[in-house]
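Here's the letter readout for the chains.
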Amino acid sequence: MTDSVIETVTIAPDEAGSRLDRVLAAHIATLSRSHLKTLILGGHVALAGRTIRDPAAAVKPGDVVTVTLPPPEPASPQGETIPLNIVYEDDSIIVIDKPKGLIVHPAAGHASGTLVNALIAHCGASLSGIGGVRRPGIVHRLDKDTTGLMVVAKTNAAHRALSKQFAEKADGPLKRGYLALVWGAPDRPKGMIDAPLGRHAHARDKQSVRQDGRHAVTHWQVLERFPGPDGKPLASLLACTLETGRTHQIRVHLAHIGHPILGDATYGTGFKTKSNRLSSEARNALEGLGRQALHAYLLAIEHPETGDFLEFQLELPGDLRRLRDALHTESREAGLIKRK
């Protein structure tokens, strides 16, 4: 691997008070200001030997700034020995139970340690190449901290057939089911959310309900309710199925109807104070979760080669089971446990 390159800049008197990223761009002609801003935010720039992460910081005459350029990323992902929980595998597909914290494919800031790196090591050259060098075999995704079932194509024919099923959604054999622990409880046993989704107007890493967004439909059903000591719904367990597959769809839709997913730091921030109503056991389980309480428990597909109908189901993973059990305990102690 190529070693890092270090550039050193000494601030001149006439540059006093200027922005750090602007000064560096003037001195290092090979780097754009936007690239330098990214390097600063990423902790690759030091001022007087100390890391600085503010691109707008004002510089002083005589300041010595060092910029460390990371080695270039490989042109294509490399195989890495990362454990995979394989649910099913044959010559055409592989179905895995994705753990929390695992990013599906390489992206900016995550060049390695992804599911793709693990799949390359496990499958070798047999992965479908239709998704491109950074997404071989990938026909759908789960968020980094959403656990559960994913199917990956090992041949180009399988990739095309699976992609068709994911595109057909409600009209085809594909079924995708999720379990979500949410704040509060809907007042009906089941329902549908039909609300278009698009990129958030101000936070570019978020999605939001918008009239000019893409068609998005989520179906939900209440499996369990967890009332608090006052008898009011504190949380509930929902089963959700997707009619469409938009980015963050379930998370945004459930927040939109007033029942964001427990532990969702992106779409459930307005409900943080509700944790004060939890018992110490439930509060500790939620704080230890470190992610949104969302799990892809059901995946049904038509096998891309044989045409057989395959259905896979998973139980809640350990961290969500602990949170659910703690909510059960709290409701039982209040004598208020309810189902559906």
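Quick note: structure is the one above.
Residues numbered from 1 in each chain as written. Predicted model: local features only at pLDDT ≥ 70, side-chain atom pairs only at ≥ 80, totals over all residues. Heavy atoms only, no water.

Focus: the overall build of the protein
When helices and strands are counted, the protein shows 7 helices and 16 strands. For the protein, the residues scored as buried account for 45% of the 340 residues in total. Across the protein, contacts joining residues at least 24 apart in sequence account for 68% of those joining residues at least 6 apart. Just so you have it, the protein exposes about 16800 Å², and 49% of that area is on carbon and sulfur atoms. (Helix = DSSP H or I, 4+ residues; strand = E, 2+ residues; numbered from the N terminus. Buried < 20%, exposed > 50% of the residue type's maximum accessible area, 1.4 Å probe, protein only. Contact = heavy atoms within 4.5 Å. Areas by Shrake-Rupley, 256 points an atom, 1.4 Å probe, with all protein chains shown as cover.)

A short note on the pairing of strand β15 (residues 309–313)
Along β15, the buried face is formed by Leu310 and Phe312; none of Phe309, Glu311 and Gln313, which line the opposite face, is buried. Pairing geometry for strand β14 (residues 294–302) and β15, over 5 bridges, is antiparallel. Note that in β15 the partner of Leu299 across the bridge is Phe312. Two successive antiparallel strands, β14 and β15, enclose a turn made up of 6 residues, where Gly307 displays a positive phi of approximately 85°. (Pairing = 2+ DSSP bridges.)

What to know about the nonpolar core
Membership of the largest hydrophobic core comes to 51 residues, with the highest contact counts inside it found for Leu254, Leu323 and Leu327. Looking at this core, the element that brings in the most residues is strand β13 (residues 233–242), giving 7 residues. (Core = buried A, V, L, I, M, F, W, Y, C linked by side-chain atoms within 4.5 Å.)

Description of the packing of aromatic side chains
Scanning all chains against the criterion turns up 1 aromatic pair. Geometrically, the ring pair formed by Tyr88 and Phe312 is tilted, given 5.6 Å between the ring centres and 45° between the ring planes. Taken together, the residues span a long stretch of sequence, with Tyr88 in strand β5 (residues 86–89) and Phe312 in strand β15 at a distance of 224 residues. For Tyr88, a relative accessible area of 27% corresponds to the partly exposed category. Overall, the relative accessible area of 11% leaves Phe312 in the buried class. (Phe/Tyr/Trp six-rings, centres within 6.5 Å; stacked < 30°, edge-to-face > 60°.)

What to know about unusual backbone geometry
Despite not being glycine, Ala48 shows a phi value in the positive range, around 55°. Along the polypeptide, Ala48 turns up in the loop between β2 (45–47) and β3 (50–51). Despite not being glycine, His248 has its phi angle at roughly 60°, a positive value. With respect to the helices and strands, the residue His248 is situated in the loop between β13 and α5 (249–256).

A closer look at the pairing of strand β6 (residues 93–98)
For β6, the buried fraction is high: 6 of the 6 residues fall into the buried class. Residues Ile93, Val95 and Asp97 point to one face of β6 and Ile94, Ile96 and Lys98 to the other, with burial holding for every one of them. Where β5 and β6 come together, 3 bridges link them in antiparallel fashion. Note on β6: the bridge partner recorded for Ile86 is Ile96. Counting the residues in the hairpin turn of β5 and β6 gives 3 residues. Note: β6 against strand β7 (residues 147–153), 6 bridges, orientation antiparallel. Residue pairing across strands places Lys98 opposite Gly148, the latter belonging to β7.

Things to note about the environment of Thr146
In this structure, Thr146 sits in the loop between α3 (115–123) and β7. Take Thr146: its relative accessible area is 2%, and that puts it in the buried class. Sequence separation between Thr146 and Ala293 is 147 residues, and the spatial gap between their C-alpha atoms is 7.6 Å. Within the local environment of Thr146, its side chain forms a polar contact with the side chain of Gln292, the two groups lying 3.0 Å apart. (Polar contact = N/O pair within 3.5 Å; in protein donor to acceptor, adjacent residues only side chain to side chain.)

Quick look at helix α6 (residues 280–287)
Within α6 the residues assigned to the buried category are Ala282, Ala285 and Leu286. Down the axis of α6, the smallest arc covering the buried residues is 100°, so these residues share one side. Of the exposed residues in α6, the ones pointing more than 90 degrees away from its buried face are Asn284 and Glu287. (Arc of directions from axis to C-beta.)

Re α5
Among the 8 residues that make up α5, 6 are buried, leaving the element largely enclosed by the rest of the structure. Restricting attention to buried positions, one finds in α5 the residues Gln249, Ile250, Arg251, Val252, His253 and Leu254. One or two positions beyond α5, positive phi appears at Gly258, with a value near 90°.

Structural measurements only, silent on function.
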